[in-house]
Amino acid sequence: MASEEQLSAIKRAKVLMVGAGGIGCELLKTLALSGFQDIHIIDMDTIEVSNLNRQFLFRQSHVGQSKAKVARDAVLRFRPNISITPYHANVKESRFNVDFFKEFDVVLNGLDNLDARRHVNRLCLAVDVPLVESGTTGFLGQVTVHSKGKTECYECQPKPAPKTYPVCTITSTPSKFVHCIVWAKDLLFAKLFGDKNQENDLNVRSSDTGNSSEHSVDVFEHRKDEDIEHYGRRIYDHVFGHNIEVALSNEETWKNRNKPRPIYSKDVLPVKMTEENGDTEKDSATDDVSVMASLSLKNPQDIWSLSENSRVFLEALRLFFLKRRKDIGNLTFDKDDQLAVEFVTAAANIRASSFGIPLHSLFEAKGIAGNIVHAVATTNAIIAGLIVIEAIKVLKKDNNNYRMTYCLEHPSRKLLLMPVEPYEPNKSCYVCSETPLSLEVNMHHSKLRDFVEKIVKGKLGMNFPVIMQGASILYEVGEDLEEDMVAIYAANLEKALSKLPSAVTSGTVLAVEDLQQEFSCSINIKHREEFDEEKEPDGMVLSGWVEAPVDKDNNNKPIGNGESTSNALPSKEILECEKDVEIQETSEGTETVTRKKRKLSEVDESKNQKKPEKLDVDDEDDELFIPDDWESLIKKRRV
């Protein structure tokens, strides 16, 4: 039974929830049933069919609607007298600024991506509002409290970065099934069905076009009046046959590797597929577009043979052109698109067969391609309850009893819920302790654009950055900028750092600030001539900002409930390692800009302990840290 003090704190509280997905549905229900009267929810997503197995506030009829708004309506049916304010929006929009966040007594996160979590963390620090973070993956879960000056902030500990793979590995020397998935999803699928104008690292030149690149054509172009099966076989023979032979011609590559074998359609399939399968074009009016249905393949957990994968590949391509031709040119891979998953599974398996890599089932391939850890609704419910418990402690200002709580799959010391005292703030944290960072960079080759995209936005997570050297502003964003300033900053982006109006040299200190987040940091610049393309693909190295270590022994086990997925997931990103990018320096003069920084309102939207094990997943309720050494955590000094 809650005490009068607790009930009073709960009824007075104004709570912000960020995320209305797996954890969010359970959390909103628990908050409402616990007596909270004023709840605000931000979520930019709409409801998908795949959400319905665990996000219990949603029904089939809600598919396509706002999660935040539907969740509100569902809860008000059984708690009609409370106030729930939904925002179908991105939490990074400029309206959700420090003035908005300071209205709340506590912020509760149920987010699905690192970038948004960092953004909310910085806003909570800026207004000194406690943040309760959470995450689940399968049977595992965690809840942590972040209070400025009392506990570590969300960014005090390194977080898993999305796994990336060098493009030379993906296109030429795959050694793991995940490499084949990334190739099939991000290169082949994108080339065949996505934006034709986007750059793509697939070899598009056919062997029958001659040696002159001037006269060669893109083999992926569907020729006028060309039979779909002929087109499909031509693509098949090019990517699994001709391209493999091209790769084999570089003998140096295969001195210490097993050579792949070229695979041609005539070697694994009948001469004419339609003669074997019958004319299926008469079925084209049906809405059910699935190769498994078309070819009578029933179990998604079966591992198809090379012949079956080849049939699925050609049939999937045929169905795309027959039933979804209007979508071709605009498609991106979606794990909920059955036909896309079938195509990517088949393509990845054929490539895996060529390179001697074990084949996988459609169920396994979908998990890898979609970065899926199958969610458990009960875990979400447990974590939601723990969030509310910590939120009540925050409202009572019961700092000494804050706990990080881990939900385990198997008992540890007879416990499935492991509460430990929170960490103290990390004195080396560049976010809450304002520790200066250092950047090694070739100032003569790297442009300001590289610095902005790879470091300021990519690694530091800033959305509206201002970059200054002393009193000179080198770069700023905002729709309210005058046209001449926009032109100056655009010109600066294309200049090498050493060629900027206020030249960046070794020893320069750049001040970088995000006006929306009210977050700033200093970066000490150090010149370095060369970088390892494989290990340092950005061409610059940031120190003081730490990523979680990547486990190199990725065995691509199927991803399921309760398994660690820190080492096995593909990324939407593919790192460049085969090409040297030529940087052209300009000598055009641009005046040095010295002006006052704008106010936030003017910005427009446009410890010797063993470190916890990082679980890097892309389910909607991710970001999990499971400690290996419970004893060291339990004995840890109170903050």
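Since we're looking at a predicted model, the values are computed, not measured.

What counts, and where the lines are drawn
- Residues numbered from 1 in each chain as written.
- Predicted model: local features only at pLDDT ≥ 70, side-chain atom pairs only at ≥ 80, totals over all residues.
- Heavy atoms only, no water.
- Helix = DSSP H or I, 4+ residues; strand = E, 2+ residues; numbered from the N terminus.
- Buried < 20%, exposed > 50% of the residue type's maximum accessible area, 1.4 Å probe, protein only.
- Pairing = 2+ DSSP bridges.
- Axes fitted to C-alpha atoms, helices over the stretch in contact; angles between N-to-C directions.
- Contact = heavy atoms within 4.5 Å.
- pLDDT = per-residue confidence, 0-100.
- Phe/Tyr/Trp six-rings, centres within 6.5 Å; stacked < 30°, edge-to-face > 60°.
- Lys NZ or Arg CZ within 6 Å of the ring centre and 35° of its normal.

What follows deals with the overall build of the chain. Within the chain one finds 18 helices and 18 strands. Split into buried and exposed, the 639 residues of the chain put 53% on the buried side.

This next bit is on the sheet that holds strand S10 (residues 437–441). Pairing is mixed across the open sheet formed by six strands, whose spatial order is S12-S11-S13-S14-S10-S15. Strands with a single pairing partner mark the edges of an open sheet, and in this sheet they are strand S12 (472–476) and strand S15 (540–543). Sheet twist, expressed as the mean angle between neighbouring strand axes with direction ignored, is 25°. Relative to strand S14 (residues 519–527), strand S13 (residues 509–514) runs antiparallel, the two sharing six bridges. Looking at the pairing, Ala 511 lines up with Ser 522 of S14. The strands that helix H16 (residues 448–457) touches are S10, strand S11 (465–469), S12, S13, S14 and S15; relative to S11, the one it contacts most, it runs at about 125°.

Considering the arrangement of structural elements, one finds His 238 in helix H8 (residues 228–248). Between the C-alpha atoms of His 238 and Ser 265, which are 27 residues apart in sequence, the distance is 9.9 Å.

Another point: the pairing of strand S8 (residues 404–412). As paired strands, strand S6 (residues 140–146) and S8 are joined by three bridges and run antiparallel to one another. Bridge pairing in S8 links Val 143 to Thr 405. Of the strand pairs in this sheet, S8 and strand S9 (residues 415–420) are connected by five bridges, and their pairing is antiparallel. Along S9, the bridge assignment pairs Thr 405 with Pro 419. From the end of S8 to the start of S9, which pair antiparallel, there are two residues, and Arg 413 there has a positive phi angle of about 55°.

Time to look at the confidence of the model for the chain. Caution applies to low-pLDDT regions: their predicted coordinates should not be interpreted in detail. Taken as a whole, the chain shows an average pLDDT of 80; of its residues, 78% reach a score of 70 or greater. Within the model, the stretch residues 278–287 combines pLDDT values under 50 with nine contacts to residues more than four positions away or in other chains.

Another aspect to go through is the sheet that holds S9. Backbone-to-backbone hydrogen bonds join strands into a sheet, with any given pair of strands oriented parallel or antiparallel. Spatially, eight strands are ordered S3-S2-S1-S4-S5-S6-S8-S9 in an open sheet, and the strand pairing comes out mixed. Where the open sheet ends on each side, the last strands, each with one partner, are strand S3 (83–87) and S9. Between one strand axis and the next, the sheet turns through 20° on average, direction left out of account. As defined by bridge partners, strand S5 (residues 131–137) adjoins S6 across seven bridges and the pair is classed as antiparallel. Residue pairing for S6: Glu 133 is matched across the bridge by Thr 144. Strands strand S2 (38–42) and S3 of the sheet are contacted by helix H3 (residues 67–76), whose axis makes an angle of about 165° with S3. Across the sheet, helix H5 (residues 114–127) is in contact with strand S1 (14–18), strand S4 (106–109) and S5; its angle to S5 comes to roughly 165°.

All right, on to the packing of aromatic side chains then. Summed over all chains, the structure comprises 19 aromatic pairs. Here Phe 189 and Phe 320 contribute two aromatic rings whose centre-to-centre distance is 5.9 Å and whose plane-to-plane angle is 70°, an arrangement assigned as edge-to-face. Placement of Phe 189 in helix H7 (residues 177–193) and of Phe 320 in helix H12 (residues 306–323) is noted, with a sequence separation of 131 residues between them. Accessibility assignment for this pair places Phe 189 and Phe 320 in one class, buried. Ring geometry for Phe 193 and Phe 343: centres 5.3 Å apart, planes at 80°, overall edge-to-face. On the criterion of sequence distance, the pair formed by Phe 193 in helix H7 and Phe 343 in helix H13 (residues 338–354) is long-range, its members being 150 residues apart. A single burial state applies to Phe 193 and to Phe 343, both of which are buried. Put simply, the rings of Trp 183, Phe 189, Phe 193, Tyr 236, Phe 240, Phe 313, Phe 320, Phe 333 and Phe 343 touch in pairs and so form one group of aromatic residues. Looking at Lys 14, its charged tip hangs above the ring of Phe 104, at a distance of 5.3 Å from the centre.

The two faces of S15 differ: Met 540 and Leu 542 on one face are buried, but Val 541 and Ser 543 on the other face are not. The pairing of S10 with S15 spans four bridges and is antiparallel. Counterpart to Glu 440 in the pairing with S15 is Val 541.

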